[in-house]
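Listed here are the chains, written in short residue letters.
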Amino acid sequence: MALLSVREETMRFGGLFANQSISFDVEEGELLAVIGPNGAGKTTLFNVISGFFPPTSGSIQFDGKDITGAPSHQVASAGLVRTYQLVQLFKHLTVAENVEIGSHRVTRGGVFSALFRPEWMRKQEKNVCEGARELLRFVGLEHQADLQADKLPYGRQRLLEVARALAAKPRLLLLDEPAAGLNTQETEALADVITRIQRGGTTVILIEHDMSLVMKIAQRIVVLDFGKKIAEGTPDEIKAHPDVIAAYLGGTETVDA
Ligand SMILES: Nc1ncnc2c1ncn2[C@@H]1O[C@H](COP(=O)(O)OP(=O)(O)OP(=O)(O)O)[C@@H](O)[C@H]1O
Ligand SMILES: [Mg+2]
C-alpha cells in the first residue's frame, strides 16, 4: 500500500484550476520530486495535501486513512509535515529554540505540568534539547545553535527549517523549494541532507526548480503544468518526455490551451 495516495485532486480558485484532477502515489521510503513551471500548481498541491485548505474535489489518503479536508494540525499529528516556499522562522529565537519548537507535536504538556514541572517533564525538556542539538548536527548547524535565527545567512536558514520540520519526526516530509536562493555549494549541502533524510527512512516529496538537484536525488518525478499532471516517471524518462520539454521550453501556452 502506498504511504500517500492523491486521487483526482482538484483545487479551484474562482475560475482558475490551480490543480486539476491530479492523481499519484508515493511509496514509503521514496524520494519523489514535483516539478513544473511557475504557477503550475505545485504549492497548491502541498497546501491541499497538508490540510491548509480542502480540495474542491478528489481525495488524499495517508497511511491508508482518508485525510481529505482534515485540518493541518491533525495532518501533522499523523506524521505529515511540510516546510514553506518562503522562510518562516521565529527570527528572534535562537537556532536551537527554532528546532525545539518543531518538536511540539511529539511532546506533551499543559498548564499544570508547566507550573509544577514534574520529573517526566524535566526529562522531556532535556530530550527535546538534546534532540534539537542532534538535528542541528545532522544539517551542519551545530556551531550556530545559540545564534539568533535571523543572524544566520539565508542558505543556513533554509537548513534550519529542514531541521525544525524533522523535529516533528515526520513519516512524510514535504519540502517546498528548499534550494530556492541557494548558491551551488549550499545546494550541494542541502542535497546531501535530503538524501540522508530519505536513507534514514523518511519519505520525502520535494518541490524544486533546480533541475540538476532534482535529477540527482529524486527517484521519481511528477510534472505539473497549468494545474495538470503532464508526466510521471524516473529522472531519465522525464528528461526525454516531449510534453515536459514543451512545458519548459514552450512558454507560450495559455491557461485555456
Ligand atoms: N490562495 C489562492 N487564491 C487564489 N489563487 C491562488 C491561490 N494560491 C494559488 N493560486 C493560483 O494558483 C495557481 C498555482 O499557484 P501555485 O502557487 O500552486 O504554483 P506553483 O507551481 O507553486 O508556482 P511557483 O513555482 O511560482 O511557486 C497560480 O495561478 C496562483 O496564482
Ligand atoms: Mg510554489
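Up top is the structure these notes are about.
Here we summarise the structure given alongside this text. (Residues numbered from 1 in each chain as written. Chains lettered and ligands numbered in written order. Predicted model: local features only at pLDDT ≥ 70, side-chain atom pairs only at ≥ 80, totals over all residues. Heavy atoms only, no water.)

### Observations concerning the overall build of the protein chain
Counted only if it meets this: Strands here mean DSSP runs of E at least two residues long; helices mean DSSP runs of H or I at least four residues long; both are numbered from the N terminus. Using C-alpha atoms as the atom set, the radius of gyration is obtained and then compared with a globule rule of 2.2 Å times the number of residues to the power 0.38. Only protein chains enter the accessibility calculation, which uses a 1.4 Å probe. A residue is then buried if its area is under 20% of the maximum for its type, exposed if over 50%, and partly exposed in between. His is not counted, nor are the chain ends, whereas Lys and Arg count as positive and Asp and Glu as negative. In this description, the location of a charge corresponds to atom NZ of lysine, CZ of arginine, CG of aspartate or CD of glutamate.
Across its full length, the protein chain holds 10 helices and 10 strands. Taking 257 residues into account, the globule formula puts the C-alpha radius of gyration at 18 Å, and the protein chain, at 19 Å, falls close to it. Counting only C-alpha atoms, the protein chain reaches 65 × 40 × 35 Å along its principal axes. Here the protein chain holds 257 residues, and 47% of them are scored as buried. Separation between the mean location of the 27 positive side-chain charges and that of the 32 negative ones in the protein chain comes to 7 Å.

### Examining the sheet that holds strand β7 (residues 172-176)
As a general point, the strands of a sheet are linked pairwise by backbone hydrogen bonds and lie either parallel or antiparallel. Condition: Strand pairing is assigned whenever DSSP identifies at least 2 bridges connecting the two strands. Here the axes come from fitting lines to C-alpha atoms, over the contacting stretch only for helices, and the angles between their N-to-C directions go from 0 to 180 degrees. Pairs of residues are marked as contacts when any of their non-hydrogen atoms sit within 4.5 Å.
The strand order β6-β7-β8-β3-β9-β10 describes an open sheet built from six strands, whose pairing is mixed. Since the sheet does not close on itself, it has two edges, and those belong to β6 (80-82) and β10 (228-233), each with one partner. The sheet shows a mean angle of 20° between the axes of neighbouring strands, taken without regard to direction. Along the sheet, helix α1 (residues 42-49) contacts β3 (31-35), β6, β7, β8 (203-207) and β9 (220-225); its crossing angle with β7, the most-contacted strand, is approximately 150°.

### Considerations on the sheet that holds strand β5 (residues 65-66)
Strand order in the open sheet made by the four strands is β2-β1-β4-β5, with antiparallel pairing throughout. Only two strands of the sheet have a single partner each, and these edge strands are β2 (16-26) and β5. In this sheet, β2 lies alongside strand β1 (residues 4-13) in antiparallel orientation, the contact comprising seven bridges. Across the sheet, methionine 11 pairs through a bridge with asparagine 19, a residue of β2. Here α1 sits on the sheet and contacts β1, β2 and β4 (57-62); the angle it forms with β1, its principal contact strand, is near 115°.

### With respect to the packing of aromatic side chains
The following threshold applies: Aromatic rings from Phe, Tyr and Trp, with only the six-membered ring used for Trp, were paired whenever their centres fell within 6.5 Å, and each pair was classed as stacked if the ring planes differed by under 30 degrees, edge-to-face if by over 60, and tilted otherwise. By definition, being over a ring means that NZ of Lys or CZ of Arg is both within 6 Å of the ring centre and within 35 degrees of the ring normal.
This structure, assessed with the given rule, holds two aromatic pairs. Relative to phenylalanine 53, the ring of phenylalanine 52 lies with its centre 5.8 Å away and its plane at 65°, an arrangement referred to as edge-to-face. By relative accessible area, phenylalanine 52 is classed as partly exposed at 48%. Aromatic ring contacts, followed pair by pair, group Phe13, Phe52 and Phe53 into a single cluster. A cation over an aromatic ring shows up here: arginine 82 above the ring of phenylalanine 52, its NZ or CZ 5.9 Å from the ring centre. The ring centre of phenylalanine 138 lies 4.6 Å from the NZ or CZ of arginine 196, which sits over that ring.

### A few points about the pairing of β9
Along β9, six of the six residues are buried, which leaves the element largely enclosed by surrounding structure. Neither face of β9 is exposed, since Arg220, Val222 and Leu224 on one face and Ile221, Val223 and Asp225 on the opposite face are all buried. As paired strands, β3 and β9 are joined by four bridges and run parallel to one another. Bridge assignment links isoleucine 35 to a residue of β9, and that residue is valine 223. Relative to β10, β9 runs antiparallel, the two being bridged by five bridges.

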